[in-house]
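An overview of the molecular structure
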Amino acid sequence: MLARISPASLSATARTASARMSNLAPSLASQSSPLPIASTSRLPSKRSFLTATPSRAPLRTFSTSRQRSQATPVDEDAFDISTVERVSDEVDVCIVGGGPAGLSAAIKLKQLANEEGRELRVVLLEKGGEVGSHIVSGAVIETRALDELIPNWKELGAPLNQIATSDSMRWLTPTSSFPMPHPPQMSNKGNYIISLSKLTRWLSEQAEELGVEVYPGFAAAQVLWSEDGKGVKGVITNEIGLDKNFKPKDSFEPGMEFHAKVTLFAEGAHGSLSKQVISRFGLREGKDVQTYGLGVKEVWKIKKEKHRPGAVQHTLGWPLDNSTYGGTWLYHMEDEMVSLGIVVGLDYPNPYISPFRELQRLKHHPLFADVLEGGECIAYAARALNEGGFQSIPKLTFPGGGLIGCSAGFLNVPKIKGTHTAMKTGMLAAESAFQAISALPESEEMPEIPVDISSYQTAFDNSWVAKELHEVRNLRPSFHNPLGNWGGIMYSGVDSLVLKGRVPWTFHHPKEDYAATRPASEFKPIDYPSPDGVLSFDILTSVSRTGTNHAENQPIHLAIKASDRAAHVEKNVGEYAGLLSRVCPAAVYEYVEATGPGDEDALGQKLDITWTVPEGSGGPKYSIT
């Protein structure tokens, strides 16, 4: 039996599956811990560049304030990637990730610098081919952080056009639904139903107008450690033009080094570099483990008579059982569109669960089918969510930088919102980084000692984000109880309505998600209905709606050591019935029978899974998610 990874993978959702899988079976999991780009100037002479169009970044391009070194040609016959000389560049702040947190940090930094008339070079690296192309959310946004960052966002044309007009909460049975009390945290008065992908593209435009250098198509692949290994001094982007055997193709370009006084990681949930930093500096010591959820969504164009602009609906119950945390949403967006989806906590015990197929059968429920009848599915997406809450937030700073947004995990789970908190943490880190850099001696050189932005941790501890998350700290972990969802619902009702977090205790997440998964022998396979092609679809049809594109002949970016493959297949297939092929919302994983000796070496790879970024600009091309 072989494990194989399909090349038609969703970059963001492959990481989602990795988040689940690296928290799966103890013997398999690692226990260690996407728009316009800035103008170019003084480009390296030995490297070929094209100026990108406003919507794509097919080739790398960047600005340099001071040219440090040039990449040199490589001899393919004697190729050793570790000896390749790279282009390097110096910046004041390097931000990894073009989501709400990273863009908010970039904007805040330039706002502060411009106010004081200081020169401050801020570079933002985004692995997607366009800013926003890897961004997914429900989404209903609370504008508190946006109000603080860009008070005149309405006048500037931010894509927040549909205000939430009503809320409902219902309990689903297989054929019916019943109204439920509405938790106060889920009130959406004054909030907006949006496409987060669209919002991040707009934020990118605002950042560039302020002078931020935004580079889509640049995937940060390695952390640049300080000489003594005790700090971070920047990142290295990944190589372009390597084949699956890590040999250079005609299109080969070495990755580039970005040396920074401060590096901010805004990669999203379970980011590959964030994981390294958290492990190297012990940032999770004394904190709860992080727990995750998987959100799978679709966007539909529906009949005008069925559209209720601004309506917000959430449900609990079916199709999930009492031991599986999660729920569903249906948001009536602008332009006769709806966003619908399901979130499944990745601490579910039954390895036969498929979040994707749960969404497909959900749409046949009368509550959803009536809305979708006569409509058309126009988009599909998925992403991982940090669900640990307040007690799972790691230490936020390390010598030379910090973690912002979902790289740390600031989702308010009961509120089902994290964009506002992610944006605020980016702003707080930006303020601390600006203060620290401003205190440095006037010099063009990189400081020998990594810059300390520990004031960011203090600022967070005193912020409204920390207060908001502390109040609801016990709600998600209350579902870890013998009564399952029923017990969690009862406690959460009392806490959210009466106690409001003002209790002397704090519940904890007792174990990582993988430890909740039970052997397949304890369950029966779930009999999911076949897709009808009208309301429900097969997974490849859904993935085709993401616009995903990867170069076929490139290194696999979900890797497991060759020595671990046999054990993985034995455990994952033999004990857990190949759950990877069900949990992944992009059909990345496939198990096939070996056809002869040595075939095991041709595995696509799997579970002591290390997720690395694919070539920059690859992956999905989300636009309305």
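The structure we're discussing is the one just above.
Residues numbered from 1 in each chain as written. Predicted model: local features only at pLDDT ≥ 70, side-chain atom pairs only at ≥ 80, totals over all residues. Heavy atoms only, no water.

Focus on helix α13 (residues 562-575)
Relative to the 20 Å expected for 14 residues at 1.5 Å per residue, α13 spans 20 Å between its end C-alpha atoms, a close match to the ideal helical length. Along α13, the helix axis deviates most sharply at His-568, where the bend reaches about 30°. Residues of α13 that are buried include every one of Arg-565, His-568, Val-569 and Asn-572, and no others. One or two positions beyond α13, positive phi appears at Ala-577, with a value near 55°. (Helix = DSSP H or I, 4+ residues; strand = E, 2+ residues; numbered from the N terminus. Expected span 1.5 Å × (residues − 1). Bend = angle between axes of the 7 residues up to and from the residue. Buried < 20%, exposed > 50% of the residue type's maximum accessible area, 1.4 Å probe, protein only.)

A short note on the sheet that holds strand β8 (residues 177-179)
Taken in spatial order, the seven strands of this open sheet run β8-β7-β17-β18-β19-β16-β20, and their pairing is mixed. Two strands in the sheet have a free side with no partner beyond their single neighbour: β8 and β20 (376-386). Taking each pair of neighbouring strands and ignoring which way they run, the sheet shows an average axis angle of 20°. Pairing between strand β7 (residues 166-172) and β8: three bridges, direction antiparallel. Within the sheet, the bridge partner assigned to Trp-171 lies in β8 and is Phe-178. (Pairing = 2+ DSSP bridges. Axes fitted to C-alpha atoms, helices over the stretch in contact; angles between N-to-C directions.)

A word on the sheet that holds strand β5 (residues 140-141)
Strand order in the open sheet formed by three strands is β5-β9-β6, and the pairing between neighbours is antiparallel. What marks the edges here is a single partner per strand, and that holds for β5 and β6 (162-163). Relative to strand β9 (residues 192-193), β5 is paired through two bridges, and the arrangement is antiparallel. Paired with Ile-141 across the bridge in β9 is Tyr-192.

Digging into unusual backbone geometry
The omega angle of the peptide bond from Gly-138 to Ala-139 is -10°, so this bond is cis rather than trans. Along the polypeptide, Ala-139 turns up in the loop between β4 (122-126) and β5. Note that the residue after Trp-318, namely Pro-319, is joined by a cis bond; omega there is 15°. Looking at where Pro-319 falls in the secondary structure, it is placed in the loop between β17 (311-317) and β18 (326-332). Positive phi outside glycine occurs at Glu-336, with the angle close to 60°. Mapped onto the elements of the fold, Glu-336 is located in the loop between β18 and β19 (337-345). One non-glycine residue, Ala-587, lies in the positive phi region at around 55°.

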